[in-house]
Protein chains: 2
Amino acid sequence: MEKQYVLGLDMGGTNSVLGLVNKEGQVVASASIKTQSYPDITDYINALYDAAQPLIQKAGGADAIRGIGAGVPNGNYYTGMIDGAMNLPWPVVPFAKLMSERFGIPCKLTNDANAAAQGEMTYGAARGMKNFIMITLGTGVGSGIVIDGKVVYGHDGFAGELGHTTAVRGENARPCNCGKKGCLEAYCSATGVARTAKEIVSATDRPTQLRELDIDHITSYDVYKAAEAGDEVAKQIFDYTGTLLGQQMADFVAFSAPEAIFLFGGLTKSGHWIIDPVVKALNENVLKLWRNKVKVLFSSLSEADAAVLGASSLGWEA
Amino acid sequence: MEKQYVLGLDMGGTNSVLGLVNKEGQVVASASIKTQSYPDITDYINALYDAAQPLIQKAGGADAIRGIGAGVPNGNYYTGMIDGAMNLPWPVVPFAKLMSERFGIPCKLTNDANAAAQGEMTYGAARGMKNFIMITLGTGVGSGIVIDGKVVYGHDGFAGELGHTTAVRGENARPCNCGKKGCLEAYCSATGVARTAKEIVSATDRPTQLRELDIDHITSYDVYKAAEAGDEVAKQIFDYTGTLLGQQMADFVAFSAPEAIFLFGGLTKSGHWIIDPVVKALNENVLKLWRNKVKVLFSSLSEADAAVLGASSLGWEA
């Protein structure tokens, strides 16, 4: 029987979404369970197995499913382990092995940013590209790097942590959740933008509609709305954020000479307000041979499906 | 007839050295010509061909030579072109094609730092390693990156320009020869160390034997000798240089998670004076999962043979 489908699992700290995906990259059915409701990993996998039954039936049985691809926090592609995920009830488990055994279908896993890169290459705007970088701008900053048509995993499976390269050095650099200072993630994630908004609004007397908001809870969407309304302080916040990201991207280009860098995640909803300063800073900081040559693109996958699609793409190689 | 040999060409702005290399990685014979004596590329290749005759005879004829590997300034692996090499009489030529035609032996080329990485993997301490980075600390700072057992060339053939990632940002960053500011090369090359020596010696009143030298011509070897003699200012120069290099290497680790980073070139003769601050800064700036895990090693290839050996290693795949 030809295997026409894969299952994609997007495991988050709150929800776990499972999708049945066909060869055209369409999520034809999905199901979800609450990640935190299962303190025991066996119970979690059993619940997932039960939730998957309608999907498996829709596919025409487990024999029609080529593999399961899972995007999980701290997932290690080489070992199939979840390894040190503090936002999960089971920070260290041999997840791919347990899934394969319960489902009777081979399972491969990776982290969410690598899954997004794999998904863009399999179903999205990176189809046919051999060298690109995916940067996810969400609660954190993640990345998936593709070289010669393959996601880079490195010696230990953990390559592609570009959110923890250093964007700002020195005493005044922001602390990052990882324990280091000045990481790209501390500036260019959704929370980074919120911190920048608080700093810039506090430091200026200029009029801005952002001052009317609770300064501890300004979101990147608030900044976007203000920029759209012509607010100069909001524009300054995006310029600052985009400049740091573009500068850092110039170093990434010097490393792997990608054809394109894709941006994905909540911050990309800010459109040209974020991408314009990114492109400007990138081109000001690359060697002449790359100036105006590296494409900066938004991911073409719909945000609703992207995580499941990205994860599922690993199923084809499982 | 089994092809037991390759030819390796190390083309510099001054000398072009050709070596006959066997499968054990020994340079069994060599010859050289003056690069600048041939304003016409055809004359250069004819001179090289004549100089190669004793080597080809030693091999037992052209049939015994598998390929020619060339390490050349601005060499593009994909196209076989020399492309924009300002220190050569012929800045843009289809060098691999011309060589293959004249010698009747297939020729592949790359730049010198990529050749060094390839050589370390084929003959040196990186044998068996699938993921490592080679950083060459010479007149400039070059790099060759190996991922999954292959040198990274990227979309256009120019990947691995880590000497032009930004080590220092802001107004006071040093101008680099490339036209940008703050590049790693402006600090961690031989000339970078000379600039640092001049700056630090000028700015301090502390006693240092370096003050007895012509301040515009202090070399990294002078600084090494002073450090060996217990000179505190010399040690500070190496600390400054090594810290910048180690910080930058931490970002490289976040990119490709290498098993090891190799250092090669003149500056490595300074031994522990340079490598100790490099290792310290690297480990202070990587994510916890990599702390004290990434090896920092000096290249195992002898400096005299390394360039020819590195280039020759491409000959096996030509």
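Conventions we followed
Each chain carries its own residue numbering, running from 1 in the direction its sequence is written. All chains are assigned letters beginning at A, and all ligands numbers beginning at 1, according to the order in which they are written. With pLDDT at 70 or above as the cut-off, local features in this predicted model cover only qualifying residues; side-chain atom pairs require 80 or more to be listed or tallied, and sums for whole chains, interfaces and linings still use all residues. Excluded from the side-chain calculations are hydrogens and water; all other atoms, namely the structure's heavy atoms, are used. Least-squares superposition aligns the copies on the C-alpha atoms of those residues with pLDDT at or above 70 in both. In what follows, a contact means two residues having at least one pair of non-hydrogen atoms within 4.5 Å. By salt bridge we mean one thing: a side-chain nitrogen of Lys or Arg within 4 Å of a carboxyl oxygen of Asp or Glu. Counted as a polar contact is a pair of N or O atoms within 3.5 Å, where, for protein atoms, one must be capable of donating a hydrogen and the other of accepting one, and residues adjacent in sequence contribute only when both atoms are in side chains. For Phe, Tyr and Trp, rings pair up if their centres lie within 6.5 Å, where Trp contributes its six-membered ring, and each pair is then called stacked (planes under 30 degrees apart), edge-to-face (over 60) or tilted (otherwise). Runs of E in the DSSP output that reach at least two residues are strands. Runs of H or I that reach at least four are helices, and both are numbered from the N terminus. Exposure is judged per residue with a 1.4 Å probe applied to protein chains only, and the accessible area is read against the type maximum: over 50% gives exposed, under 20% gives buried, and values in between give partly exposed. In this analysis the charged atom, NZ for Lys or CZ for Arg, is taken to sit over a ring once it is within 6 Å of the ring centre and within 35 degrees of the ring normal. Paired strands, in this sense, are two strands between which DSSP finds at least two bridges. As a rule, the C-alpha atoms of each element are fitted with a line to give its axis, helices using only the stretch in contact, and angles between N-to-C directions run from 0 to 180 degrees. Orientation categories follow fixed angle ranges, with anything under 35 degrees roughly parallel, anything over 145 roughly antiparallel, 65 to 115 roughly perpendicular, and all other angles oblique. Three classes are used: nonpolar for Ala, Val, Leu, Ile, Met, Phe, Trp, Tyr, Cys and Pro, charged for Asp, Glu, Lys and Arg, and polar for all others, with Gly counted as polar. Among the buried residues, those of types Ala, Val, Leu, Ile, Met, Phe, Trp, Tyr and Cys that are joined through side-chain atoms within 4.5 Å form a nonpolar core. Every definition here rests on a 1 Å grid over the protein atoms only: cavities are sets of points where a 1.4 Å probe fits but cannot get out, pockets are open sets enclosed by protein on both sides within 12 Å along at least five of seven lines, and lining residues have some atom within 4 Å of a point. Grid points are joined across faces, edges and corners, and a volume is the space filled by probe spheres set on the points.

> Just give me the short version of the relation of the copies chain B and chain A, but keep the residues and values in it.
Under the fitted operation, chain B is carried onto chain A by 0.0 Å of movement along the axis and a turn of 180°, and the coordinates agree to an RMSD of 0.0 Å. The transformation just described matches what one would write down for a two-fold rotation axis. Comparing contact sets, 100% of the residues at the interface of chain B also lie at the interface in chain A, consistent with an isologous, same-surface contact.

> Describe in detail the interface of chain B and chain A, supporting the description with residues and values.
In this complex, chain B contributes 38 residues to the contact, which on the side of chain A involves 38 residues. The interface formed by chain B and chain A contains three salt bridges. As a salt-bridge pair, D148(A) and K150(B) come within 3.0 Å of each other at their nearest N and O atoms. Here chain B and chain A share 18 residue pairs in polar contact (both at pLDDT 80 or more) between them.

> Mind laying out the packing of aromatic side chains, listing which residues take part and the relevant values?
Counted according to the given criterion, the structure contains 23 aromatic pairs over all chains. Ring geometry for Y44(B) versus W90(B): centroids 4.6 Å apart, planes at 55°, classification tilted. On the criterion of sequence distance, the pair formed by Y44(B) in helix α1 (residues 41-59) and W90(B) in the loop between β5 (82-83) and β6 (92-93) is long-range, its members being 46 residues apart. W90(B) matches Y44(B) in its accessibility class, with the two residues each being buried. One aromatic cluster is present, built from ring pairs that chain together Y38(A), Y44(A), W90(A) and F95(A). Sitting above the plane of the Y49(B) ring, R102(B) keeps its charged end 4.0 Å from the centroid.

> Kindly report on the pairing of strand β3 (residues 27-34) of chain A, identifying the contributing residues and their values.
Residues and elements named next belong to chain A. The pairing of strand β2 (residues 15-22) with β3 spans seven bridges and is classified as antiparallel. The residue of β3 that forms the bridge with V17 is S32. Here β2 folds back onto β3, and the loop between the two strands holds four residues, one of which, G25, carries a positive phi near 80°.

> Could you give an account of the environment of D112(A), naming the residues involved and the relevant values?
Residue and element names in this part refer to chain A. Turning to its location among the elements, D112 is positioned in helix α3 (residues 112-123). Here D112 falls in the partly exposed class, since its relative accessible area comes to 48%. Taking the C-alpha atoms as reference points, D112 and D10, 102 residues apart in sequence, are found 7.7 Å from one another.

> Could you give me a rundown of helix α9 (residues 303-313) of chain B, with the residues and numbers involved?
Residues of α9(B) that are buried include every one of A306(B), V308(B), L309(B), G310(B), A311(B), S312(B) and S313(B), and no others. On its buried face, α9(B) sits against β1 (5-11), β2 (15-22), β3 (27-34), β4 (65-71), α3 (112-123) and β11 (260-264) of chain B.

> Tell me about the packing of α3(A) against helix α9 (residues 303-313) of chain A, and name the residues and values.
All names here are of chain A. Where α3 meets α9, the closest approach of the two axes is 7 Å, and the angle between their N-to-C directions is 80°. Between α3 and α9, the angle is such that the two are roughly perpendicular. Contact with α3, carried on its side by A115, Q118, G119, T122 and Y123, involves L309, G310, A311, S312 and S313 of α9 and no other residues of that element. Along the lines of polarity and charge, the residues of the contact of α3 with α9 split into four nonpolar, six polar and no charged.

> An account of the side chain of Q247(A) is requested, with residue identities and associated values reported.
By the secondary structure assignment, Q247(A) is in helix α7 (residues 232-256). Classification of Q247(A) by relative accessible area gives buried; the value is 17%. If we ignore the near neighbours within four places in the chain, the residues touching Q247(A) are A281(A), L282(A), N285(A) and R169(B).

> Lay out the nonpolar core with the relevant residues and their values.
Ranked by size, the top nonpolar core spans 107 residues in total, and within it M249(A) and M249(B) carry the most contacts. With residues near it in sequence (within four places) discarded, M249(A) still touches I135(A), I261(A), L263(A), V278(A), L282(A) and V296(A). Core analysis: the next-biggest nonpolar cluster, separate from the first, contains 35 residues, A47(B), I56(B), I82(B) and W90(B) among them.

> Quick rundown of the sheet that holds β3(A)? Include the residues and the values.
All names here are of chain A. Ordered in space as β3-β2-β1-β4-β7, the five strands form an open sheet in which the pairing is mixed. Here the strands that pair on one side only, and so sit at the sheet edges, are β3 and β7 (107-110). In this sheet, neighbouring strand axes are inclined to one another by 20° on average, regardless of whether the strands run parallel or antiparallel. Relative to strand β1 (residues 5-11), α9 is tilted by about 125°, and along the sheet it contacts β1, β2, β3 and β4 (65-71).

> Tell me about empty space enclosed by the protein, and please be specific about residues and values.
Where empty space is left can be seen by rolling a probe of water-molecule size over the atoms. Across all of its chains, the model carries one cavity of 30 Å³ or more by this definition. Roughly 80 Å³ of volume is contained in the largest cavity. Forming the walls of the largest cavity are L162(A), T165(A), Q248(A), D251(A), F252(A), F255(A), L162(B), T165(B), Q248(B), D251(B), F252(B) and F255(B). Of all the secondary-structure elements, those providing two or more residues to the lining of the largest cavity are α7 of chain A together with α7 (232-256) of chain B.

> So, the pattern of salt bridges: which residues are in play, and what are the values?
All names here are of chain B. Counted under the stated rule, the structure contains 19 salt bridges over all chains. Residues E317 and K108 are paired through a salt bridge, measuring 3.8 Å at the closest nitrogen-oxygen approach. Linking E317 in the segment after α9 with K108 in strand β7 (residues 107-110), this pair joins segments that are 209 residues apart in sequence. Relative accessible area serves as the criterion here: at 36%, E317 is assigned to the partly exposed category. Accessibility expressed as a relative area gives 24% for K108, which makes it partly exposed.

> Can you break down the side chain of T196(A) residue by residue, with the values?
Residues and elements named next belong to chain A. Following the sequence through the fold, T196 ends up in helix α5 (residues 190-203). Exposure remark for T196: the relative accessible area of 1% places this residue in the buried category. Those residues in contact with T196, other than ones at most four positions away along the chain, are R174, Y187, I237 and Y240.

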